[in-house]
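Close look at the chain arrangement
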Amino acid sequence: MKKVLRLYGLTALLLIGAASAEAQEKVETTISSDFVNEYIWRGQKLGDAAIQPTLSVSYKGLSLTAWGSYGLTNPDDTKEFDLTLGYTIGGLNIGITDYWFSTGLDLEGRYFKYDAHGTNHVFEANIGYDFGPVALQWYTNFAGNDGTNKDGKRAYSSYVEATIPFSLASVDWTATAGAVPFATTSYGTSGFAVTNLSLRATKDIRITDSFSIPIFGQVTANPCSQKAYLVLGFTLQP
């Protein structure tokens with residue numbers, strides 16, 4: 001469904017640059033970067049203005065994607081570097097993402113520290129299906145620096161969302177509804193909670209006959225935290 005660059009949140013990371021297994025017969029590479037006024041992920045604010053580069057290689061539905069976020073205006077913003085291995089066949093997709101943040105349990109911010117009780121990595125598995133009119137995704141953290149539940153134990157923090165793409169007035173739109181099913185400190189929930197209601201619009205701005213820049217705007221509300229955000233940005237891709 002998506003060759004979108006992260007619906008503010010790694011919703012589409014595993015699908016970036018991945019064509020269907022039936023159609024793709026050669027290795028494809030995607031290089032691009034988003035520039036955003038705020039970094040909003042699954043209804044949470046993770047930073048101010050940022051550059052978010054993507055590098056993806058895919059072949060016959062299998063993709064390996066590197067994605068990052070680096071603050072442009074606030075030096076205290078957390079740096080992020082994610083790796084996603086994904087596979088798509090027909091409408092089905094599965095994947096594993098290794099999220100790394102410059103802040104976390106390891107105060108020195110070391111990338112190659114994987115100690116279960118001292119790492120800044122979070123490992124997440126996901127599965128989803130694109131039905132055409134709507135796509136459903138489920139994500140669960142299974143290792144690393146996950147949040148805790150009400151009992152203080154690993155929460156296996158999960159997130160589920162539905163996305164609906166549509167066109168209106170020559171603009172591509174995506175409506176998203178996301179929820180956290182269980183209590184976890186990762187999302188600041190004490191049980192089931194709706195954390196992400198978003199509406200995103202994207203339109204290509206033609207620069208030359210062969211080059212255009214996608215401009216996007218997104219309104220996001222988080223009923224759980226009682227916060228709302230307006231994201232504006234653009235994508236550069238050769």
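Overview of the structure.

Conventions used here
- Residues numbered from 1 in each chain as written.
- Predicted model: local features only at pLDDT ≥ 70, side-chain atom pairs only at ≥ 80, totals over all residues.
- Heavy atoms only, no water.
- Helix = DSSP H or I, 4+ residues; strand = E, 2+ residues; numbered from the N terminus.
- Core = buried A, V, L, I, M, F, W, Y, C linked by side-chain atoms within 4.5 Å.
- Buried < 20%, exposed > 50% of the residue type's maximum accessible area, 1.4 Å probe, protein only.
- Salt bridge = Lys/Arg side-chain N within 4 Å of Asp/Glu carboxyl O.

Observations concerning unusual backbone geometry
At Arg42, a residue that is not glycine, the phi angle is positive and equals roughly 55 degrees. Within the element layout of this structure, Arg42 appears in the loop between strand E2 (39-41) and strand E3 (44-47). The phi dihedral of Lys60 is positive, around 50 degrees, even though this residue is not glycine. Mapping Lys60 onto the fold places it in the loop between strand E4 (50-59) and strand E5 (62-71).

Some points on the nonpolar core
Taken as a class, soluble globular proteins show a tendency for nonpolar side chains to be buried jointly. Counting nine residues, the largest nonpolar core is built from Tyr39, Trp41, Trp67, Tyr99, Val122, Tyr139, Tyr159, Val180 and Tyr187. Counting residues in each nonpolar core, the second largest holds six residues, with Val36, Ile40, Tyr229 and Val231 among its members.

As for the pattern of salt bridges
What the rule picks out here adds up to six salt bridges. Here Asp48 ties to Lys45 by a salt bridge, and the two come within 2.9 Å at their closest N and O atoms. Taking the shortest distance from any N to any O, the salt bridge between Arg110 and Asp106 comes out at 3.1 Å. Taking relative accessible area as the criterion, Asp106 reaches 4% and is therefore assigned buried. Through salt bridges with shared partners, one network takes in Glu38, Lys45 and Asp48.

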